[in-house]
Amino acid sequence: MINGLNLLFQFLDSFAFVVLAAAGLAIIFGIMGVINLAHGEFIMLGAYATTLASVRLGLPLVAAMLVGMVVTALFGLLVERVIISGWAPNWLGQRLVGRDLMEPLYDRLADSMVATWGLSLIMVQGVRITLGNSLDQIGTPLGNIAYGGFSYSMYRVVLSGVALGVLVLAYLVFTRTEFGMRARATIQDEDTARALGVDTERTYAATFVIGSGLAGLTGALYAPTVTMVPGLGGSFLVEAFVAVVVGGPSVVLGTALAGGFLGGINALVSNLLGTTAGRIALLVTAIVMIRFLPDGITGFVERVRARRQEGGA
Amino acid sequence: MATETGAGRTDSEPSGLLGRVRGRLEGPNTIGNSRAYWAGFAVAVAALLVYPYIVGAYQASRFSLFLVYAFLGLSLSVVWGYAGVLSFGQVVFFGVAGYTFGVVSVNFATPAGITGAFLVGIGGGALVAAVLGYFMFYGGVRDVYVTIITLVSTLVLHTFMAQTAGDQWTIGEAALGGFNGMPTIPNLAFGVGGAALVISDVMFYYLVLVLLVATYLGLRVLVNSDFGRVMVAVREDEDRTRMFGYDVRRAKLLVFTLGGALAGLSGVLYAAWGNYVSPGVFELAFASLPVVWVSIGGRDTLLGAVAATVGIEFFRNSLGGEWAFVTVGALLLVSILGLPGGVVPWLDRTYRNLRGGGTTPPTETTDSTDPEVTEA
């Protein structure tokens, strides 16, 4: 019984981690066809901004987390304008040499990976140079819950609630708002969407800002629980990446299912064989999943559904 | 096909041994098909040959590491630039080969044993690549999913090797050593019994240089051969290549295995160079370096891969200190945004446009430029 409860908590923890790490990346990848390898560093930025706002400025924790999220979203806007869409360099290029300097990185998977990798190198090292190798930390709030001989951090339980909240919110944004409709139209057929009056470039920019904001939120939420080092994003990036691919083309549902599935495997194997084995199991599962379901879980579900409809007609 | 082999030739005599050799080395798939290029190539090799006499043994030994990395760059250039498979996992084969060399050479620390370890290490890299490639390509994994599987494989190995600190992770006399790695790998040596040759310092530099020149020329022959054309066809359009009756999966598997062997060679030399290998070779930061080199140099030129690898590593090493990574990152950003094709193809185009007196229109494609048109 106690062990089952342990497993449940571990599962919730893994689930929240995978979902929160992946959400921002999934939205940017799903809509823009850009793989943001600096995603981990966006999370790092959110965590640093939160910690600095809390420790140096003395803001209450929730306000500091809001700061972390907003700072990262604004940074995302800057990155989108300068690197992803090439708006700023091309504006300069038109003024100085009379031509565009670069093409946008939309749907150029390999190039976007390389470019954002360069960005992540700069961010990690930039933070290391300006703020040093580590930072004072916020303590984990909310205390512990005890059961039997064990105790568990209340904050981590709250995190899984927040992860669910993020999923629900993202689902509502994409299905119930005008922005969501535009974004989905842009995914389905960019040219037609533009012909019908959707400002796709603005949709892209907004998407990138939202994705960055979510990364910032993730960083803010995990700021009290992870060690504040410039390279902290690396541990998020891998899980995020894997969850996006395993989840497949349906952004919200895919992230939820991948989070549940990978989180479950991670929790189970960690419980039986230790955390290293848990991480390896998660990664190997992902490799096998990509091999057998290259379109991810939701792609598979869609294919099955399409086939059934054909059979029924 | 023999008539087509010389199609890219420009100004060489049609007969004679030299002409035949050049015919093999030249073609539309490589940059540098002119006498001027080969003259420059000879000068560059000569400069590298006298380099140790100018800067001394210590600097030469340091420089040989950059030459060792060039094999890793070449391996990605072949796999990604020519066959269109972006692999983030070249370091997997690099690291596996390094560890294999370490384990075998520590257990059999005689010249014959180390010669064997050298070969087993390269074979290990190729074998892992073949298994992983078979798993991916024969399972229909394509495009960015290959990239992600290779990236995840790197991280699996990093996670695994980092926890091999205990006594149970000792193979024969060789302890894998967890995070600290294997620090007592012997120098490279060749020979059997009494006739042994231990290779270190300047001798190592020359060995690597000779191997590198041979590999570069060998790969030029390969990419300009019929199989090379199939590779490029796979890169340009996989489905169409299959329609023409080529086995795309087999072609990709072969190229990937070759890439694994090249990365393995690099890994073995790396382990022998520093007498050391650690899980650091599977880190994300190191895994991305080949992508950086090859993107900046120009992914579909072998020359670009070698030049960029040696150049960037030399630069990064000389710069040292905390700003090195910032500079490399900025360089990467600017070059991928401004010159998506890479620096070396851009230089080549600029040079030929200057020589051609502006008579040829600048070509957009990096691979289909016909040298005959340009030189005419």
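Reading guide: rules and limits
Residues numbered from 1 in each chain as written. Chains lettered and ligands numbered in written order. Predicted model: local features only at pLDDT ≥ 70, side-chain atom pairs only at ≥ 80, totals over all residues. Helix = DSSP H or I, 4+ residues; strand = E, 2+ residues; numbered from the N terminus. Buried ≥ 20, exposed ≤ 12 C-beta atoms within 10 Å, placed from the backbone. Contact = placed C-beta atoms within 7 Å. Rg over C-alpha atoms; globule rule 2.2 N^0.38 Å. Expected span 1.5 Å × (residues − 1). Core = buried A, V, L, I, M, F, W, Y, C linked by C-beta atoms within 7 Å. Nonpolar A, V, L, I, M, F, W, Y, C, P; charged D, E, K, R; others polar. Axes fitted to C-alpha atoms, helices over the stretch in contact; angles between N-to-C directions. Parallel < 35°, antiparallel > 145°, perpendicular 65-115°, else oblique. Left-handed = near helix turned anticlockwise from the far one by under 90°. pLDDT = per-residue confidence, 0-100.

Draft legend 1. Summary view of the overall build of chain B. Across its full length, chain B carries 15 helices and four strands. The burial tally for chain B puts 49% of its 376 residues in the buried class. Looking at chain B alone, contacts between residues at least 24 apart form 74% of all its contacts between residues at least 6 apart.

Draft legend 2. Just the overall build of chain A, in detail. The number of helices and strands found in chain A is 13 helices and two strands. Compactness check: chain A gives a C-alpha radius of gyration of 20 Å against a globular reference of 20 Å for 313 residues, within 12% of the reference. For the C-alpha atoms alone, the extent of chain A along its principal axes is close to 70 × 65 × 35 Å. The burial tally for chain A puts 48% of its 313 residues in the buried class. In chain A, once contacts between residues fewer than 6 apart in sequence are set aside, the share between residues at least 24 apart is 72%.

Draft legend 3. Just helix α14 (residues 343-355) of chain B, in detail. Between its first and last C-alpha atoms α14(B) spans 18 Å; for 13 residues at 1.5 Å apiece the expected length is 18 Å, and the two agree. All of the buried residues in α14(B) are B:V343, B:V344, B:P345 and B:D348.

Draft legend 4. Seen up close, the nonpolar core. Membership of the largest hydrophobic core comes to 208 residues, with the highest contact counts inside it found for A:V19, A:A22, A:V242, A:V246, A:A286 and B:V152. Top element by residues in this core is helix α1 (residues 2-32) of chain A. It accounts for 18 residues. Every residue in contact with A:V246, bar those within four places of it in the chain, is listed here: A:A258, A:F261, A:L262, A:A286, A:M289, A:G296 and A:I297.

Draft legend 5. Structural context of the interface of chain B and chain A. Every contact between the two is made by 33 residues of chain B and, on the other side, 33 residues of chain A. Within the residue set of the side of chain B that touches chain A, elements represented by two or more residues are α5 (111-137), α6 (143-162), α11 (284-297) and α13 (324-338) of chain B. In terms of residue class, the side of chain B that touches chain A is built from 23 nonpolar, nine polar and one charged.

Draft legend 6. Region of the structure containing the packing of helix α6 (residues 154-176) of chain A against helix α11 (residues 251-273) of chain A. All names here are of chain A. Two numbers describe how α6 lies on α11: the axes approach to 9 Å, and their chain directions differ by 160 degrees. Between α6 and α11, the angle falls in the class roughly antiparallel. Seen from above, α6 lies across α11 with left-handed handedness. The residues of α11 that touch α6, namely those facing L167, A170, Y171 and F174, are V252, T255 and A256. Its residues assigned to classes, the contact of α6 with α11 shows six nonpolar, one polar and no charged.

Draft legend 7. Structural detail: the packing of helix α4 (residues 90-107) of chain B against α5(B). All names here are of chain B. Packing of α4 against α5 brings their axes to within 8 Å, and their N-to-C directions diverge by 150 degrees. On the basis of their axis angle, the class for α4 and α5 is roughly antiparallel. Where α4 crosses over α5, the handedness of that crossing is right-handed. Residues V92, F93, F94, V96, A97, T100, F101, V104 and S105 of α4 lie in contact with α5, whose contacting residues are G113, I114, G116, A117, F118, V120, G121, I122, G124, G125, V128 and A129. Each residue belonging to the contact of α4 with α5 can be placed in one class, and the counts come to 14 nonpolar, seven polar and no charged.

Draft legend 8. Structural context of the confidence of the model for chain B. All names here are of chain B. Per-residue confidence for chain B gives a mean pLDDT of 82, with 90% of residues at or over 70. Across residues 1-13, where pLDDT falls below 50, the model places 24 contacts with residues more than four positions away in sequence or in other chains. Low pLDDT (under 50) marks residues 359-376, which in the prediction has 24 contacts with non-local residues, meaning those over four places away or in another chain. Across the whole predicted complex the pTM is 0.83, and at the interface the ipTM reaches 0.79.

Draft legend 9. The environment of B:E173, seen in detail. All names here are of chain B. With respect to the element layout, E173 can be found in the loop between β1 (170-171) and β2 (174-175). Classification of E173 by C-beta neighbours within 10 Å gives exposed; the count is 11. Considering only alpha carbons, one finds E173 and S225, 52 residues apart in sequence, at a separation of 45 Å. Residue contacts for E173: discarding those within four places in its chain leaves V106 and N107.

Draft legend 10. Region of the structure containing unusual backbone geometry. In this structure, B:N275 takes a positive phi of about 55 degrees despite not being glycine. Within the element layout of this structure, B:N275 appears in the loop between α10 (248-274) and α11.

Draft legend 11. Structural detail: the environment of A:G211. Residues and elements named next belong to chain A. Counting through the fold element by element, G211 comes out in helix α9 (residues 200-222). G211 gets classed as buried once you count the C-beta atoms within 10 Å, which come to 28. Taking the C-alpha atoms as reference points, G211 and R291, 80 residues apart in sequence, are found 27 Å from one another. Setting aside chain neighbours within four positions, we find G211 in contact with G24, L25, I27, I28 and G76.

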